[in-house]
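# Results of the structural survey
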Amino acid sequence: VQLQASGGGLVQAGGSLKLSCAVSGTVVKANAMDWFRQAPGKERELVAAIADGGSASVADSVKGRFTISRDLAKNTYYLEMNNLKPEDTAVYYCHAPQIWKYLDVWGQGTQVTVSS
């Protein structure tokens, strides 16, 4: 089972990106997913989460700008990021608490760089 994150890139402040996290290696749905980010020299922080039932939450630092969503038919999760700021620059990781018998599954990370 793998999580394949994509969609990162270089964008100017105020711009938008949409990250994707696709589950591969199984047909079992990852019903819950988190997005974390880690900036250079900083600890990894939770940015957004969506629970098994579909309820979503985002960190205060990105509230009103980031949205987490999913397409269960595609077993893919998304993080839509709008009005990006330089402080959003980080490597973004998707993380599934559990997929089938696998616990604590991490994607490989995708770099987001926001220029001022």
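The structure we're discussing is the one just above.
My aim in this report is to walk through the structure given alongside it, one point at a time. (Residues numbered from 1 in each chain as written. Predicted model: local features only at pLDDT ≥ 70, side-chain atom pairs only at ≥ 80, totals over all residues. Heavy atoms only, no water.)

### Topic: a nonpolar patch on the surface
A cluster of nonpolar side chains, Val1, Trp100 and Tyr102, forms an exposed patch at the surface whose accessible area comes to about 280 Å². Looking at where Trp100 falls in the secondary structure, it is placed in the loop between β9 (90–99) and β10 (102–106). (Patch = residues over 30% accessible without salt bridge, like charges linked within 9 Å, V, L, I, M, F, W, Y side chains within 5 Å. Areas by Shrake-Rupley, 256 points an atom, 1.4 Å probe, with all protein chains shown as cover. Salt bridge = Lys/Arg side-chain N within 4 Å of Asp/Glu carboxyl O. Helix = DSSP H or I, 4+ residues; strand = E, 2+ residues; numbered from the N terminus.)

### Overview of the nonpolar core
In this structure, Leu3, Met33, Trp35, Phe66, Leu79, Met81 and Tyr92 are the most contacted members of the largest nonpolar core, which totals 30 residues. Counting only elements with at least two residues in this core, the list comes to β1 (2–6), β3 (17–24), β4 (33–38), β5 (45–50), β7 (66–71), β8 (76–81), β9 and β11 (110–115). Looking at this core, the element that brings in the most residues is β9, giving five residues. (Core = buried A, V, L, I, M, F, W, Y, C linked by side-chain atoms within 4.5 Å. Buried < 20%, exposed > 50% of the residue type's maximum accessible area, 1.4 Å probe, protein only.)

### Things to note about unusual backbone geometry
One non-glycine residue, Asn83, lies in the positive phi region at around 50°. Looking at where Asn83 falls in the secondary structure, it is placed in the loop between β8 and β9. On the basis of relative accessibility, which here comes to 42%, the residue Asn83 falls in the partly exposed class. The phi dihedral of Trp100 falls on the positive side, at around 60°, and the residue is not glycine.

### Describing the sheet that holds β1
Here we have four strands laid out as an open sheet, ordered β1-β3-β8-β7, and antiparallel in their pairing. Strand pairing shows two members of the sheet lacking a second neighbour, β1 and β7, which therefore form its edges. Going across the sheet, the axis of each strand differs from the next one's by a mean of 15°, ignoring polarity. In this sheet, β8 lies alongside β7 in antiparallel orientation, the contact comprising six bridges. Residue pairing for β8: Arg70 is matched across the bridge by Tyr77. (Pairing = 2+ DSSP bridges. Axes fitted to C-alpha atoms, helices over the stretch in contact; angles between N-to-C directions.)

### A look at the packing of aromatic side chains
With the rule as written, the count across this model stands at three aromatic pairs. Here the aromatic rings of Tyr93 and Trp106 are separated by 6.4 Å at their centres, their planes lie at 85°, and the arrangement is edge-to-face. Of this pair, Tyr93 sits in strand β9 while Trp106 sits in strand β10, placing them 13 residues apart in sequence. You can call Tyr93 buried: its relative accessible area is 15%. Overall, Trp106 belongs to the partly exposed group, its relative accessible area being 32%. Between Trp100 and Tyr102, the aromatic rings sit 5.9 Å apart at their centres with planes inclined by 65°, giving edge-to-face as the arrangement. For Tyr102, a relative accessible area of 34% translates into the label partly exposed. Taken together, the ring pairs in this structure connect Phe36, Tyr93 and Trp106 into an aromatic cluster. The positively charged end of Lys18 is found above the aromatic ring belonging to Tyr78, 4.7 Å away from the centroid. Its end group placed over the ring of Trp106, Arg44 keeps NZ or CZ at 4.7 Å from the ring centre. (Phe/Tyr/Trp six-rings, centres within 6.5 Å; stacked < 30°, edge-to-face > 60°. Lys NZ or Arg CZ within 6 Å of the ring centre and 35° of its normal.)

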